[in-house]
Amino acid sequence: MGAVLPLFPPVASTYARQEDLLFYFLVAVTLFFVLLIFGSIFFFAVRYRRRTPDERAQPTRPNLPLEVAWTVIPLVIALVIFVWGAKLFFVAMRPPAQAVEVTVVGKQWMWKIQHADGTREINALHIPVGTPIKLILTSEDVIHDFFVPAFRIKRDVVPGRYTTAWFEATTPGTYHLFCAQYCGTNHAAMIGSVVVMEPADYERWVRARTSPVLPASAGAVLFQRLGCSSCHQTNTNAKAPALAGLFGQQVTLADSRQVTADMDFLRDHILTPGKTPVAGYPQIMPTYQGQVSEEQILELIAYVRSLARAERSQGGS
Amino acid sequence: MTESIAGLEHQFETLEQQHEAGWLGMWAFLATEIMFFGGMFTGYVIYRWAYFGAFAAGSKDLEIWAGTLNTLVLICSSFTMVLAVHAAETGERRGQIGFLLATMFLGTVFLGVKGYEWTTLFRDHHVPGIGFHFSGPYQNTAQIFFSFYFALTGMHALHMVVGVGLLTFLLVKAWRAEFTPAHHAAVDIIGLYWHFVDIVWIFLFPLLYLVDRHR
Amino acid sequence: MSMVQTAPSYLEDGHGLASWLLTRDHKRIALLYLVSIIGFFFLGAIFAGLIRVNLLSPQGDLVRPQTYNTFFTMHGLIMIFFFLIPSIPAVLGNFVLPLMIGARDLAFPKINLLSWYIFIVGGLFTISAGLFGGVDTGWTFYTPFSSIYSNSNVVLTVIGIFIVGFSSILTGLNFIITTHTMRASGMTWFRLPLFIWALYATSLIMVLGTPVLATTLVLVALERVFHLGIFDPSRGGDPIYFQHLFWFYSHPAVYIMILPSLGVMSETITCFARRRIFGYNAIAFSSLGIAVIGFLVWGHHMFVSGQSVYVGMMFSLLSFLVAIPSAIKVFNWMATLYGGTIAFDTPMLYSLGFIGLFTVGGLTGLYLAAMGVDIHVHDTYFVVAHFHYIMVGGAVMGFMAGLHYWWPKITGRLYPEVWGRLAAIITFLGFNLTFFPQFILGYLGMPRRYHMYPPEFQALNVLSSAGASILGIGYLLPVIYLLWSLRRGQVAGPNPWRATGLEWQTPSPPPTANFEAPPVVREEPYSYPTWEAQID
């Protein structure tokens, strides 16, 4: 029956279990009001049907307590659902600190995925059970949407910026991955699979892949090849700020605003340096628009982030 | 029955009702115009906050004398419009014609100056799209400033053209002496439209031309 | 009491094409609109039929994917802009509003006619875009796909929608001014039929919301033609800005589509239960409340777009609040049915169906307003089912209820009651079979706008397509019997339903000037006689 006429998606993530609870509550509320309204209609249709052509109705008398009741009770129910839904949303928006990062680049009409250890996949994502995964998503062209029904997660994939989503899979299996934001001709073909494996199986899968290059290492190579190192040297100089320890810090812009040097910031400064110029430096950085792909930008960012870690470990330990 | 009252349309009971409907109709229409320009103004405000440097650079590129002149021209045209309405209220045909012509002339001057500005921007390759070039660090994002500049002033100019057309319509009627102190609602109502288009410019001028000018 | 007809009916007052195409009579303009929107409805329905046939098989290869994408785009654009938005206001509102308030016509008859011509021109642009290969962006035109990547007739379509928006604005302006300035003597605001309140609230939205759509479409067209960069991330633009602009209009637009139907309900339920409405003030103010709050919820279409979580919470809360006035209306109608004397004529059948389906549609909106659940069901068939329950189960059934209710007034003929009831029942059943499976499909995860799908979704899709064929019959039947009634239907007197309301105090069909003498109003609305021994 499930294969021919499925009625409910698999429950395969921690979030799915929580979200389904609210869904069941909503179904219960729906059933209650549907039965109430449909039932009343049926009952009134029978009880108050016109028996003679000149039959007269009961007078309409005001009933303030009734009106207050049917305003307040739905309002309370609505607010309960609102609070519950908002709390769930916060859960979905706050990846745990120990989540493993996976980057996803969507383009017409495929998903290009890279694990933290550099392993690349196309239209597939292999993950172990019980490990929180944080997705960092961006698009090369139009807006897409990364949707895994079994996990109940969905996030728009937007060109020009990074969005994030997270999940923790609970049940091994192969689950649908859909693009859920219309993106052109083959939108319906932009699908894939998320394969959830027991930790042991996942280890075996990882070892079976050809040795991948760490994103930060690939980023280091790019950093040299593209000439970034000629200005961005180990120490800050007059031409360009040093990048070690930069990631996550506050930066002052030329118009005195303070922003955080996050992934979007770094990406903007690689592609459109003049967009939000940094205070205290001449605007001489060239744009790399058209010279680097989204994956290469992610590798460069991984490299810059690794510089921060190296600095801290040098100083701290 | 009611057709015997000059200018009373068949659906109305009294001229008073007709005037009230006309007034209310024009105010409601102006509300729609506020919403129309409001969408673009909102976008402008958001991008200006995000790219202040680029917007300041783009704004400095505009010719402030042209913008100031146009502001004065429009304010004068609103004044002449008020005088035209007054002439309609007092039944002075020559005053009506004269002030309507003056308003139309000033409106055309505005459009001429605007045309000059646009030509200059075109010559300097500051028209957004293929061929846009803006020297300096804001090369990329200055285009957004100019996109809003052309969208906003373009829409405004379109409304000015419509306004001049409406004034021509009034001019014809005034020439035929069709306006009387009792029956000149069209002049009032189109005057209201003209003032509105003027006010939109009063907002556009500082937002586009005066960004960061105090430095 | 016999009505001595001194003036010819509006149908007899002038013959020939010119007397129709150059008319200023709101009643004739209403009929011009009726013919046009029915044409667009069936055009949109053909696209829907093609979609449902394509979705019978998981491979979805009835047509090429690109073609399928133009089908759902055209279906949405036509149904929303050329059928739903004008339907009740431009047909029933145009016809009935002046009659209901005791006026001879709307405030601006020539602008009324202009609005129809604008409607037709906008329609021609959009149809021509279809003939040139269609547009494939979805009716939502999201950037940067629509502004940069799509290779279809975006600009042509966008011009068509821009133009038709003015038709909406002019109709709304006309209704607002008419309601303010042309009510008959004694017709105070709180003696107005609730249909007028609904049309007034709708008109507020039309007038204030549509201009923002105009701006949005202008910017998309300029971006596409001149490569401006406002929505292009590689030029510093923001594609999400488009979504804010678009939904700022398009969410209130859905209230444009449903509010008039909600107004029709107050007329039909009072008439066919022959009882005064319960909670007149609550229903009147709830219409205004929906119009106002409806402008503040647009971000609920963007919970997963990367919008700030806190902003999302505001939109979510307001979306729950906007549901309350709708719930109040439903309860008020139930309280009107209670103690009534109910007849099951066709308008009542459509109305009862409306209440049930609108309740389901409205409740499923709560799932979407709940941010945590929306993550899962956003952009799936759950949303498709939700809005079809409101738009088709709600708005279209409301239109059918009103059309049948006022048909005798418009044409002077009664439609055949048996066929009317049959069509109502077939529509109700066909509708549920078509769209209920889509709730399940959506929660299972089937996304919108897919021409093909995983095989396990097939059974539900087949059920849905089967339902669509039944629904189609439900819509074809009225075309046949309503046309039949024009010649062969029983002649209706001025008030076949024995309803209250000024529109029933004049002959069917009315003379061009509506009333022989301007009416004077002395009663509260819906003053149906009750069994109490009192002076009625």
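It should be noted that the structure appears before, not after, this text.
Now for a description of the structure that goes with this document. Small disclaimer: the values here were computed from a predicted structure and weren't measured. (Residues numbered from 1 in each chain as written. Chains lettered and ligands numbered in written order. Predicted model: local features only at pLDDT ≥ 70, side-chain atom pairs only at ≥ 80, totals over all residues. Heavy atoms only, no water.)

Next up on the list: the pattern of salt bridges. Residue and element names in this part refer to chain B. This model, assessed by the stated rule, comprises 21 salt bridges over all chains. One salt bridge connects E117 with K114, and the closest N-O pair in it is separated by 2.9 Å. Placement of the pair is E117 and K114 together in helix α4 (residues 93-123), with a separation of three residues, close to one helical turn. In this structure, the salt-bridge partner of R123 is D124, at a minimum N-O distance of 3.8 Å. (Salt bridge = Lys/Arg side-chain N within 4 Å of Asp/Glu carboxyl O. Helix = DSSP H or I, 4+ residues; strand = E, 2+ residues; numbered from the N terminus.)

Across the boundary between the two partners, chain B contributes 33 residues, which contact 35 residues of chain C. Interface area for chain B against chain C, summed over the two sides, is near 2,900 Å², with a carbon-plus-sulfur share of 67%. The largest share of the area that chain B buries against chain C comes from Q11, M35 and Y47 of chain B, three residues that together contribute 19% of it. E13 of chain B is paired through a salt bridge with R104 of chain C; the nearest N and O atoms lie 3.2 Å apart. Across the chain B-chain C interface, the total number found is 13 residue pairs in polar contact (both at pLDDT 80 or more). Of all the secondary-structure elements, those providing two or more residues to the side of chain B that touches chain C are α1 (15-50) and α5 (142-175) of chain B. Of all the elements, α1 of chain B adds the most residues to the side of chain B that touches chain C, at 16 residues. (Contact = heavy atoms within 4.5 Å. Buried area = accessible area lost by both parts, 1.4 Å probe. Polar contact = N/O pair within 3.5 Å; in protein donor to acceptor, adjacent residues only side chain to side chain.)

Our next topic: the pairing of strand β1 (residues 100-107) of chain A. All names here are of chain A. As paired strands, β1 and strand β5 (residues 132-139) are joined by seven bridges and run parallel to one another. What sits directly across from G106, in β5, is S139. As paired strands, β1 and strand β2 (residues 110-115) are joined by six bridges and run antiparallel to one another. Among the inter-strand pairings, V105 is bridged to a residue of β2, identified as K112. The antiparallel pairing of β1 with β2 creates a hairpin that spans two residues between the two strands. (Pairing = 2+ DSSP bridges.)

Contact residues are listed per partner, giving 95 residues for chain C and 89 residues for chain A. Summed over both partners, the interface of chain C with chain A buries about 8,000 Å², with 69% contributed by carbon and sulfur atoms. Among the residues of chain C in contact with chain A, F331, I375 and Y443 of chain C are the three that bury the most area, contributing 9% of the side total. At the surface where chain C touches chain A, the tally comes to one salt bridge. In this structure, the salt-bridge partner of R498 of chain C is D54 of chain A, at a minimum N-O distance of 3.3 Å. If you look at where chain C meets chain A, you find 32 residue pairs in polar contact (both at pLDDT 80 or more). Among the elements that line the side of chain C that touches chain A, the one with the most residues is helix α10 (residues 309-337) of chain C, at 15 residues. Tallied by class, the residues present in the side of chain C that touches chain A amount to 58 nonpolar, 25 polar and 12 charged. (Nonpolar A, V, L, I, M, F, W, Y, C, P; charged D, E, K, R; others polar.)

On their own, these measurements won't tell you what the molecule is for.
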